[in-house]
Amino acid sequence: MQPYPQSPTQRRSRWRMVFVVVVAFVLGGFVLPNLQIRWREPLVKAETGGSLGVAPGPPVPLSEAETYAKAAQVAAPSIVKIDTQQTVPGDYMDNGWITQGNQIQRSEGSGIIINASGDILTNEHVVGPVNETGKQIVVTLNDGSGRKITGTVIGADHQTDVALVHIDAPNLHPARIGTVKGLVPGQLAVAIGNPLGFQFTVTHGVVSALGRPIAEEREGRIYENLIQTDCAINPGNSGGGLVNIQGQVIGINTIVASHAQGIGFAIPIDTALAVAGELKKFGRVKRPWLGLLVTTNNAAFANNYALPNVPGVVAIRPARNGPSANAGIRPGDVLTQIGGKPVHSEEEFKAIEKKLTIGQKAEVELRRGEESGKGTLTVGEAP
């Protein structure tokens, strides 16, 4: 079969196709591998705010009115985070069975660096007693370094809930220490700590009241003289600083009223430092002790037990080989004076006992039946 003859138009189309193929070959083999394509983003100048016409403003220095922020800046580098970890024996569930083994207990709190040597004030309930087996303490600094340092409990006092922890580290930032003396309700205050795991949190408020006695049932502890504040305090704040607007530490944040909002309590720094000094020197707090259990005398009690109906306290049980027993005090004696001070109730007896000095000779006046007597006892050290 003979092909149809091509017209001039068809021949021109064929040559154009050949030309396109040749050009594509050249572009693909030589030009494209060396071609660099750059996409340019539209430039947005920060000072113009771009298409929105809005831009962040410049940093603003703290004004004189920013008292809380200034106080926090002063105090924050001295406030640390304290993490504790301890392996304890216990029962746990394993595939529905109760199995005996070891468990890891963890807790966290706060502390205050009080000197360049590395002594840290905190709560006893944060770090626990001294020399607990297997307990590890890690202190995290808030000085910008992020350092984590192993801590050691120097001493811990359950009664006052004060503990002293030590770390070995250079370039520490001790707190500025204030005093509870002269504080009045309504003064501004800042609380710094690590509540609920949120590290280095700052809250503010005022000193709400002074000299608050609080009974803490779970730990069996009675706090005698606390600062009340409305600064927000939560678990983890314990051991952190309550500071004034100069950034001076005036208290150690300790507990909150669980049944209320905006009621927290701090140990006065004066008390905490006095206790810490004893812990540093002796490893414990030395307290005066008369070695005597007493109860308030009254008409009904005197009538029931045939005792003299006079104001005073009744000796219930002198401790064996204690100061009172060694001085000849017997059960049923009614003490009317101690160290020259009248005593009318059990509370007064305890208050007088605390103010005595270990080794002091204290004169005691008492009634035994119809007879009055005097004696001298030597104040001992509480066991």
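Preceding this paragraph is the structure being described.
Residues numbered from 1 in each chain as written. Predicted model: local features only at pLDDT ≥ 70, side-chain atom pairs only at ≥ 80, totals over all residues. Heavy atoms only, no water.

Caption draft 1: Quick peek at the overall build of the protein. When its secondary structure is counted, the protein shows seven helices and 22 strands. The buried share among the 383 residues of the protein stands at 36%. Expressed as a percentage of contacts within the protein between residues at least 6 apart in sequence, the contacts between residues at least 24 apart total 58%. Put simply, the protein shows about 23200 Å² of open surface, and 55% of that area lies on carbon and sulfur atoms. (Helix = DSSP H or I, 4+ residues; strand = E, 2+ residues; numbered from the N terminus. Buried < 20%, exposed > 50% of the residue type's maximum accessible area, 1.4 Å probe, protein only. Contact = heavy atoms within 4.5 Å. Areas by Shrake-Rupley, 256 points an atom, 1.4 Å probe, with all protein chains shown as cover.)

Caption draft 2: Seen up close, helix α2 (residues 67–75). Along α2, the residues classified as buried are Ala71, Ala72 and Ala75. Across the axial projection of α2, the buried residues extend over an arc of 100 degrees, all falling on one side. (Arc of directions from axis to C-beta.)

Caption draft 3: Region of the structure containing helix α4 (residues 269–282). Taking 1.5 Å as the rise per residue, α4 with 14 residues should run 20 Å; its terminal C-alpha atoms sit 20 Å apart, in good agreement. Of the residues making up α4, those classed as buried are Ile269, Ala272, Val275, Ala276 and Leu279. Along the long axis of α4, the arc covered by the buried residues comes to 130 degrees, so they all point the same way. Pointing more than 90 degrees away from the buried face of α4 are the exposed residues Ala274 and Lys281. Along its buried surface, α4 packs onto β3 (119–123), β6 (152–157), β7 (162–166), β8 (176–177), β13 (248–256) and β14 (264–268). (Expected span 1.5 Å × (residues − 1).)

Caption draft 4: A look at the environment of His125. Tracing the backbone shows His125 in helix α3 (residues 124–127). Taking the C-alpha atoms as reference, His125 lies 7.8 Å from His158; in sequence the two are 33 residues apart. Those residues in contact with His125 that lie beyond four places of it in its chain are Asp161, Arg221, Tyr223, Ser238 and Thr254. A polar side-chain atom of His125 sits 2.8 Å from a polar atom in the side chain of Asp161. (Polar contact = N/O pair within 3.5 Å; in protein donor to acceptor, adjacent residues only side chain to side chain.)

Caption draft 5: Region of interest: the packing of aromatic side chains. Tallying each qualifying case throughout the model produces one aromatic pair. Ring geometry for Phe301 against Tyr305: centres 4.8 Å apart, planes inclined by 35 degrees, an arrangement best described as tilted. The ring centre of Phe282 lies 4.1 Å from the NZ or CZ of Lys286, which sits over that ring. (Phe/Tyr/Trp six-rings, centres within 6.5 Å; stacked < 30°, edge-to-face > 60°. Lys NZ or Arg CZ within 6 Å of the ring centre and 35° of its normal.)

Caption draft 6: Seen up close, the pattern of salt bridges. Summed over all chains, the structure comprises 12 salt bridges. A salt bridge links Arg147 to Asp143, with the shortest nitrogen-to-oxygen separation between them at 2.7 Å. Note on Arg147: relative accessible area 24%, which makes it partly exposed. Residue Asp143 is classed as partly exposed on the basis of its relative accessible area, which comes to 23%. Among the salt bridges present, the one from Lys354 reaches Glu224, with a minimum N-O distance of 2.0 Å. Of the two residues, Lys354 sits in helix α7 (residues 346–355) while Glu224 sits in strand β11 (residues 221–229), which places them 130 residues apart along the sequence. Classification of Lys354 as partly exposed rests on a relative accessible area of 44%. Residues participating in the shared-partner salt-bridge network are Lys81, Asp83 and Glu108. (Salt bridge = Lys/Arg side-chain N within 4 Å of Asp/Glu carboxyl O.)

Caption draft 7: Looking closely at the side chain of Asp161. The residue Asp161 is located in the loop between β6 and β7 in this model. Classification of Asp161 as buried rests on a relative accessible area of 0%. Excluding anything up to four places from it in sequence, Asp161 contacts Thr122, Asn123, Glu124, His125, Arg221, Tyr223, Thr254 and Ile267.

Caption draft 8: Molecular detail of the pairing of β6. As paired elements, β6 and β7 share five bridges and run antiparallel to each other. Residue Asp157 lies in a different strand from β7, and its bridge partner there is Val162. Here β6 hands over to β7 after four residues, with Asp161 in that stretch at a positive phi of 65 degrees. (Pairing = 2+ DSSP bridges.)

Caption draft 9: Geometry of unusual backbone geometry. Residue Asp161 is not a glycine yet carries a positive backbone phi of 65 degrees. The phi angle at Ala306 is positive, at roughly 55 degrees, despite the residue not being glycine. With respect to the helices and strands, the residue Ala306 is situated in the loop between α5 (299–304) and β17 (313–318). For Ala306, a relative accessible area of 71% translates into the label exposed.

Functional significance is not addressed by these values, which are geometric in nature.
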